[in-house]
Amino acid sequence: MKDLITVRQDVSTIRERLLNHPMYHKLNTPGDIRLFMEHHVFAVWDFMSLLKALQIQLTCVSLPWVPNGDPEIRHMINEIVLGEESDEACGGRSHFEWYLEAMGKAGANRQPVQAFINLAQSSSVETALEISDLPPGVEKFLRFTFETIFSGKIHCIAAAFTSGRENLIPGMFPSLVSQTEQPGLESFRTLVAYLERHIEVDGDDHGPLAERMLNLLCNNDPQKLSEARETTMAALEARDHLWNGVLHELEQR
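Residues numbered from 1 in each chain as written. Predicted model: local features only at pLDDT ≥ 70, side-chain atom pairs only at ≥ 80, totals over all residues. Heavy atoms only, no water.

Asks: So what's going on with the pattern of salt bridges? Which residues, and what values?
Replies: In this structure the tally under the stated criterion is 12 salt bridges. The closest approach of N and O atoms between D32 and R253, which form a salt bridge, is 3.7 Å. Of this pair, D32 sits in helix α3 (residues 30–58) while R253 sits in the segment after α12 (222–252); the two residues are 221 residues apart in sequence, bridging distant segments of the chain. R253 gets classed as exposed once you look at its relative accessible area, which sits at 58%. Between E130 and R143 there is a salt bridge; the shortest N-O distance is 3.0 Å. Remark: R143 occurs in helix α8 (residues 136–151) and E130 occurs in helix α7 (residues 125–131); sequence separation between them is 13 residues. E130 gets classed as exposed once you look at its relative accessible area, which sits at 57%. Three or more residues joined by partner-sharing salt bridges are found here, namely D87, R197 and E200. (Salt bridge = Lys/Arg side-chain N within 4 Å of Asp/Glu carboxyl O. Helix = DSSP H or I, 4+ residues; strand = E, 2+ residues; numbered from the N terminus. Buried < 20%, exposed > 50% of the residue type's maximum accessible area, 1.4 Å probe, protein only.)

Pasting the structure below:
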């Protein structure tokens, strides 16, 4: 039987590759960082769908309200939702809205992600993925996220959320901060604040909460642990494709 510690060991190679990805060292100009933001914003957005998929299954979000699920897990997911959807650090806004502000101040193009969201709202995510002209790495990343959500397997959604996002970000974002704190990049200060907030919150609070939640959801069940491992690996590979796509465009400049 594999516990989650063993699962983390199994994916340690690709995790280390992500934490030391060569893309970070290619973000040398304002234009490079803007290109990165125009790709990364899709991951900022679809993270919220992962989060809300967890909240929908683990709490009650319908009428009439009734208690639903394990109280400890319910508290965990609601605490994470509060921080991600209504963070006092950015005036009570969601982190996605904060990121859009950072893009605006940096001069990055917000139109593609806003057009994609509008299309997903008016039709469906599947339709938006089919007809939108997205960078290949972005499309692959989004497809993985929503295929995981639509699977309905709560432990797999939690694995993508925990291992592919909350536990990865504290080790991944410091490289981005170092690249965007260089002299002459003052227009990226909001981006730096966003990144630093996630290093702090995900490392100290949301990461450990998500890890505990995933443990409770798997409950040492061999099948669930196996599926959590597969989802974790796929989530990290999807992130690698996203970063590779950014790197490819940077190298084509």
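Following the structure, the description resumes.
Asks: Summarise the environment of L191; cite the residues concerned and give the values.
Replies: Positionally, L191 belongs in helix α11 (residues 189–218). Expressed as a C-alpha distance, the spacing of L191 and E101, which sit 90 residues apart in the sequence, is 8.6 Å. Contacts of L191, omitting those with residues within four sequence positions, involve I33, M37, Y99, A102 and T180. (Contact = heavy atoms within 4.5 Å.)

Asks: Go over the layout of surface pockets, please, and point to the residues and values.
Replies: The rolling of a water-molecule-sized probe over the atoms marks out the regions of remaining empty space. Roughly 210 Å³ of internal volume is contained in the largest pocket. Forming the boundary of the largest pocket are 14 residues, of which F42, P112, D133, L134 and P135 lie nearest the centre. Taken together, the elements giving at least two residues each to the lining of the largest pocket come down to α3 and α6 (111–122). Broken down by element, the lining of the largest pocket gets its largest block of residues, five residues, from α6. Looking at the lining of the largest pocket residue by residue, the classes come out as eight nonpolar, four polar and two charged. Empty space within the second largest pocket amounts to approximately 160 Å³. Contributing to the lining of the second largest pocket are E79, L82, G83, S86, D87, E88, R197, V201, D205 and H206. (1 Å grid on protein atoms, 1.4 Å probe; cavity = no way out; pocket = protein on both sides within 12 Å on 5 of 7 lines; lining within 4 Å. Points joined across faces, edges and corners; volume = space filled by probe spheres on them. Nonpolar A, V, L, I, M, F, W, Y, C, P; charged D, E, K, R; others polar.)

Asks: Can you lay out the nonpolar core for me, pointing to particular residues and giving the numbers?
Replies: Residues M37 and M213 are the most contacted members of the largest nonpolar core, which totals 86 residues. Element by element, the count of residues in this core is highest for α3, at 16 residues. Setting aside chain neighbours within four positions, we find M37 in contact with Y99, A102, M103, A106, A108, F188 and L191. (Core = buried A, V, L, I, M, F, W, Y, C linked by side-chain atoms within 4.5 Å.)

Asks: Residues and numbers for empty space enclosed by the protein, please.
Replies: According to the stated counting rule, one finds three cavities of 30 Å³ or more in the structure shown. One number sums up the size of the largest cavity: a volume of about 120 Å³. Lining the largest cavity we find 15 residues, and of these V44, F47, I169, Y194 and H198 sit closest to its centre. Counting residues per element, the lining of the largest cavity draws most heavily on α3, at five residues. A per-class count over the lining of the largest cavity returns seven nonpolar, three polar and five charged.

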